[in-house]
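Results of the structural survey
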Amino acid sequence: MQYENWEFELDILPDRVKGKDSYLYTGNEVTTLYGYKVAKIELLFNLDILEEIRITISCTYKELEKQLKLTSFKIEIKPYSNKTILILT
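This is a predicted model, so every value here is computed, not measured. Within any chain, residue numbers begin from 1 and follow the written order of that chain's sequence. The predicted origin of the model limits local features to residues at a pLDDT of at least 70 and limits the giving and counting of side-chain atom pairs to 80 or more, whereas totals for whole chains, interfaces and linings rest on all residues. Note: side-chain values were computed over all heavy atoms of the structure, leaving out hydrogens and water.

Topic: the side chain of Glu52
Where helices and strands are cited, they refer to DSSP runs of H or I of at least four residues and of E of at least two residues respectively, numbered from the N terminus. For Glu52, the position within the fold is in strand 5 (residues 49-57). The classification of residues rests on relative accessible area computed with a 1.4 Å probe and restricted to protein chains. Under 20% of the type maximum is buried, over 50% is exposed, and intermediate values are partly exposed. What makes Glu52 buried here is its relative accessible area of 7%. Residues adjacent in sequence count toward polar contacts only when both atoms are side-chain atoms; beyond that, a polar contact is any pair of N or O atoms within 3.5 Å, and within protein one must be able to donate a hydrogen and the other to accept it. Among the polar contacts listed, one links the side chain of Glu52 to the side chain of Lys20, at a separation of 3.2 Å.

Given below as structure tokens:
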């Protein structure tokens, strides 16, 4: 997907990954994922092409790991405090 598809629902974030532009998704279409409340969605673009989605949700790592065994995305799960960050690429 290209940046133009999202530009009115994004706020600029400091770049965290070299070579990628980071944006906070401010739309209200996604509020839950696998039944867990979504705290934050970060989209990372490279040359205006969406390459990575980082979703922060309110659940434990183990709870989410059970839910994700059926998905076909390449997913990295990072536990963070009382939330979990999913990285979809």
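The structure having been displayed, the exposition proceeds.
Topic: the environment of Lys37
Note that Lys37 resides in strand 4 (residues 36-46). Look at Lys37 and you get exposed, because its relative accessible area is 57%. With 21 residues separating them along the chain, Lys37 and Ser58 place their C-alpha atoms 5.7 Å apart. Contacts were defined at the residue level, with two residues in contact if any of their heavy atoms lie within 4.5 Å. In this structure, Lys37 is in contact with Thr31, Thr32, Thr56, Ile57 and Ser58, ignoring residues within four places of it in sequence.

Considerations on the environment of Thr60
Within the secondary structure, Thr60 is located in the loop between strand 5 and helix 1 (61-68). Spatially, the C-alpha atoms of Thr60 and Tyr36 are 10.0 Å apart, while their sequence positions differ by 24 residues.

Notes on the packing of aromatic side chains
Pairing of aromatic rings covers Phe, Tyr and the six-membered ring of Trp, with a centre-to-centre limit of 6.5 Å; geometry is then stacked below 30 degrees between planes, edge-to-face above 60, and tilted otherwise. In the structure shown here, the tally under the stated rule is 1 aromatic pair. A centroid spacing of 5.7 Å and a plane angle of 80° characterise the contact between Tyr23 and Phe45, whose relative ring orientation is edge-to-face. With Tyr23 in strand 2 (residues 21-25) and Phe45 in strand 4, the pair connects residues that are 22 residues apart, well separated along the chain. With a relative accessible area of 11%, Tyr23 lands in the buried category.

Overview of the nonpolar core
Note on terminology: a nonpolar core comprises buried Ala, Val, Leu, Ile, Met, Phe, Trp, Tyr and Cys residues joined through side-chain atoms within 4.5 Å. Counting residues in each nonpolar core, the largest one holds 16 residues, and the members touching the most others are Trp6, Leu10, Ile41, Leu43, Phe45, Ile57 and Leu64. Listed by contribution, the elements that provide at least two residues to this core are strand 2, strand 4, strand 5 and helix 1. A total of 5 residues in this core trace back to one element, the largest contributor, which is strand 4.

Details of the pairing of strand 4
By this definition, two strands are paired if DSSP reports at least two bridges between them. Looking at chain direction, strand 2 and strand 4 are connected through 4 bridges and run antiparallel. By the bridge assignment, Asp21 is partnered in strand 4 with Phe45. Here strand 3 (residues 32-33) runs beside strand 4; their pairing, made up of 2 bridges, is antiparallel. In the sheet register, Leu33 faces strand 4, and the bridge partner there is Tyr36. Counting the residues in the hairpin turn of strand 3 and strand 4 gives 2 residues, including Tyr34, whose phi is positive at 55°. Count of turn residues in the strand 4/strand 5 antiparallel hairpin: 2 residues, of which Leu47 carries a positive phi of about 55°.

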